[in-house]
Amino acid sequence: MSVSVTATRRTSGAATALSIVALTEIGSAAFLRQFLLAEDWRVVVGLLGFFAIVLVALQRLPTVEARIEGAFSAQGRFATLLGIAIVLLFPFLLEKSTYALHLLIIAQLYAVLALALNFQLGSANIPNFATGASYGIGAYASALLALNWDVSFWLALPAAAVVATIFGFVLGVPSMRTRDSYLALVTIAFGVVVHQLLNNLEFTGGPNGLVGIPAPELFGHSFASPLVIFGHSLPSQANFYYLSAALVGVSILFAARLHHSRIGLAWNALRADELAARCQGINATWYKVLAFVVDAFLAGFAGTIYAFYVGFISPDNFTFLVSVTIMTMVIAGGMDNTLGVIVGAFLLTMLPEKLRAFSDYRILFFGVTVIAFLMIRPQGIFPQRLRRYGG
Amino acid sequence: MTEQLVQQLLNWITLGSIYALVAVGFSLLFGVLNIIHFSHGDVSLLAPFLALAAVQTVSASLGGSPAVAAIVLAVLFAVIVTGLLGVVLYYLVIKRFQNAPAMMALVATVALGIVLRELIRHLYPQGSNPHAVPRLVPGSIEVLGVTIPAFNLVAILVSVLSVGLLFYMLERTRLGLHIKAVSQDRDAARLISISPARIFQITFFIASAIGAIGGLFFAGYAGIVRFDFSVDVGLIGFSAAVVGGLGSMPGAIIGSLLIAGLDTLVQATVPNGASYRLVFVFLLVICVLVFRPAGLLGRTIVEKV
């Protein structure tokens, strides 16, 4: 008797957990869709207000937040599968809006960059103002390979990542000795040097950049042509949408595996107290350099996809300001929180685009938002979580 | 040949003193508040815009070309207003990040710099376009057969004077003593009835005003000013302060001279040097920091358990 009662309770608990997960994911996707397709700035502001209210409500009602979190960890597999299904179906819900797809692609690339920086800034608290430079190195390396030697996208992708990684390693070397503000300056200096070289060297095309990067091909399907699935024709951007979504997926997996490995623990230990970590036998130098290398590796991937997607790159796409923007995404989203970092990247990519109504004042608005955000919610949208062990 | 050499040396010292005026502010603010005020360069370059606006208003009301008195007044006005603006920004923004992690303050002040630049662009008439800045001091002097623009001499002289005054103030006056006390230990300073809040205000005023002088000379030296010039000025000023060792005033000056020296050398010797100058300058910054991680005169932090 009592056994069956607990069994029904368990199934009903599982059912509520399933519905909570489904509601949260579908609700978020619907919100994102409305936000992407909103034309009127009043609707945009209204949706942003709604988002803020939800965040405040979650902060005020920790039990609700804990409930949702519990449901997700109880039904992790279902949550992942549903998430993948939503990501795959999403382009069909956008009424063939190429602009919405374009925004999504850029937001996903920034999400990858922010996740890359999160290994350093979030996990290990190492400042790095050169993610934009690694992004640029990846983009230029792959574009040069494609333009000069007809290397295909699929080969250029890993090659560019390796090139970016080598530069990341070189940048990591000074980090063995310098720290905090001094290290921040080293990375800023590196970013400026890379930008200036791209801007002045002959073979990078100078300020005009590189033009005519060919679209990738897969099994004879060119990424520049519309994507047809089951008779549904999607704009050509959908190809890159799926490509960048795959990269985000890989990055999330990468981040999760690293976070739960000894490396992630070592980074967290360095963040908490470097001296104590050293005393515990953690090779601080090695782990710091590793953080730079991982950051550059992922940024190189994102850069390659960007170069092949837009087909045209110039040094102005990879300035110091880009690095600052990525840094802001990590801080605003929530350091060392994968979901937070992605939300931060999406929000900060789309916000300026959606506020076209104030087009002239966009950058000003961006700056004010960043400052206001850091003042009002310094811990980010989704704050750092404590590690949980067992259960 | 000698004339050219003297000319380049003069350029070096002029540029070095202009950078030093900005770098000293970075170092002073870091030393006292333990914060990197990344928008210091942007605050400094508000001064030329303020001075231009002031001169135009004065000459419009008087008619004809502005008199020397008007220019001097406009410059003074710009320096004082910039100093006050620094204090206002401290209260509006920077104060909130004083106890936050260092990176928060850095990112916040980078954003503040963006806001300041955009405000100039939108509020100043035709803010997106470059504005011609008249040489504050026209004419030149002949010394030993070499013509030296009076502007350079005045720039060097005023820089040495203002930095000297700052040193005197920090080392020999009661106020300087108070500033040092607050920079060493805020709470202990409060115990002996020094108000840290007041010291922070004063420090911000001094740093911003000195930066404003640097900004004015920079604009005068270039003969032109645009809203986004402050990016380079801020980066170079910050680099000079860090290369010298943050918090060390003599370090900031040495760093500025070093960077200005390389800058002039590259422009004079390397072909197409003007476009590569930042590459060389920032490679120097990286090299110095690799070998002296706390800057040239900075104290190495020894962590004790």
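Note that this is a predicted model, so its numbers are computed, not measured.

Rules used throughout
- Residues numbered from 1 in each chain as written.
- Chains lettered and ligands numbered in written order.
- Predicted model: local features only at pLDDT ≥ 70, side-chain atom pairs only at ≥ 80, totals over all residues.
- Heavy atoms only, no water.
- Salt bridge = Lys/Arg side-chain N within 4 Å of Asp/Glu carboxyl O.
- Helix = DSSP H or I, 4+ residues; strand = E, 2+ residues; numbered from the N terminus.
- Buried < 20%, exposed > 50% of the residue type's maximum accessible area, 1.4 Å probe, protein only.
- Contact = heavy atoms within 4.5 Å.
- Pairing = 2+ DSSP bridges.
- Domains from an automatic or database assignment.
- Buried area = accessible area lost by both parts, 1.4 Å probe.
- Polar contact = N/O pair within 3.5 Å; in protein donor to acceptor, adjacent residues only side chain to side chain.
- Nonpolar A, V, L, I, M, F, W, Y, C, P; charged D, E, K, R; others polar.

1. Brief notes about the pattern of salt bridges
Residue and element names in this part refer to chain A.
- One pass over the structure, following the stated rule, counts 8 salt bridges over all chains.
- With its nearest N and O atoms 3.4 Å apart, the salt bridge here joins Glu-274 to Lys-288. Taken as a pair, Glu-274 in helix α11 (residues 274-279) and Lys-288 in helix α12 (residues 284-310) lie far apart in primary sequence, 14 residues in all. Of the two residues examined, Glu-274 and Lys-288, each falls in the buried class.
- Here the residues in one salt-bridge network are Glu-274, Arg-278 and Lys-288, joined through shared partners.

2. A look at the environment of Ile236(B)
All names here are of chain B.
- Its place among the elements puts Ile-236 in helix α10 (residues 229-244).
- Remark: the alpha-carbon pair of Ile-236 and Leu-278, spanning 42 residues in sequence, is separated by 9.0 Å.
- The contacts of Ile-236, once residues within four sequence positions are left out, are Tyr-19, Ile-259, Arg-277 and Leu-278.

3. Observations concerning the pairing of strand β3 (residues 146-149) of chain B
Residue and element names in this part refer to chain B.
- Burial of β3 is one-sided: the residues Val-146 and Ile-148 facing one way are buried, the residues Thr-147 and Pro-149 facing the other way are not.
- Sheet analysis places strand β2 (residues 140-143) next to β3, joined by 4 bridges and oriented antiparallel. Note on β3: the bridge partner recorded for Val-143 is Val-146.
- Between β2 and β3, which follow one another and run antiparallel, lie 2 residues, and Leu-144 among them has a positive phi close to 50°.

4. Some points on the environment of Ala71(A)
Residues and elements named next belong to chain A.
- Note that Ala-71 resides in helix α3 (residues 62-74).
- For Ala-71 and Ala-269, which are 198 residues apart along the polypeptide, the C-alpha to C-alpha distance reads 29 Å.
- Every residue in contact with Ala-71, bar those within four places of it in the chain, is listed here: Ala-17, Ile-20 and Val-21.

5. A look at the domain arrangement of chain A
All names here are of chain A.
- Splitting chain A by domain gives domain 1 (1-81) and domain 2 (94-376).
- Domain 1 and domain 2 are separated by 29 Å when their C-alpha centres are compared.
- Counting residues at the interface gives 10 residues for domain 1, matched by 14 residues for domain 2.
- In this assembly, domain 1 packs against domain 2 so that about 1,100 Å² is buried in total across both faces, 83% of it on carbon and sulfur atoms.
- At the boundary of domain 1 and domain 2, one finds 0 residue pairs in polar contact (both at pLDDT 80 or more).
- Elements that contribute at least two residues to the side of domain 1 that touches domain 2 include exactly α1 (2-37) and α2 (41-60).
- The leading source of residues in the side of domain 1 that touches domain 2 is α1, at 5 residues.

6. Quick look at the interface of chain A and chain B
- Facing 41 residues of chain A, the contacting portion of chain B comprises 43 residues.
- Remark: the boundary between chain A and chain B carries 0 salt bridges.
- Along the contact surface separating chain A from chain B lie 3 residue pairs in polar contact (both at pLDDT 80 or more).
- Mapped by element, the contributors of at least two residues to the side of chain A that touches chain B are α8 (180-200), α13 (320-333) and α15 (362-376) of chain A.
- With 14 residues, α8(A) is the largest single contributor of residues to the side of chain A that touches chain B.
- Classifying every residue of the side of chain A that touches chain B by side-chain character gives 30 nonpolar, 6 polar and 5 charged.

7. Section: unusual backbone geometry
- We note that Asn125(A) has phi near 55°; this positive angle belongs to a residue other than glycine.
- Here Asn125(A) shows up in the loop between α5 (98-124) and α6 (131-149).
- Phi at Ser193(B) is positive, roughly 55°, even though this residue is not glycine.
- Topologically, Ser193(B) is positioned in the loop between α8 (186-191) and α9 (196-222).

8. What about the side chain of Asp336(A)?
All names here are of chain A.
- Position of Asp-336 among the secondary structure elements: in the loop between α13 and α14 (338-354).
- The exposure class of Asp-336 is buried, given its relative accessible area of 12%.
- A distance of 3.4 Å separates polar atoms of two side chains, one belonging to Asp-336 and the other to Asn-268.
- There is a polar contact of 3.1 Å between the side chain of Asp-336 and the side chain of Arg-271.
- Those residues in contact with Asp-336, other than ones at most four positions away along the chain, are Asn-118, Gly-122, Ser-123, His-259, Asn-268, Arg-271 and Gln-384.

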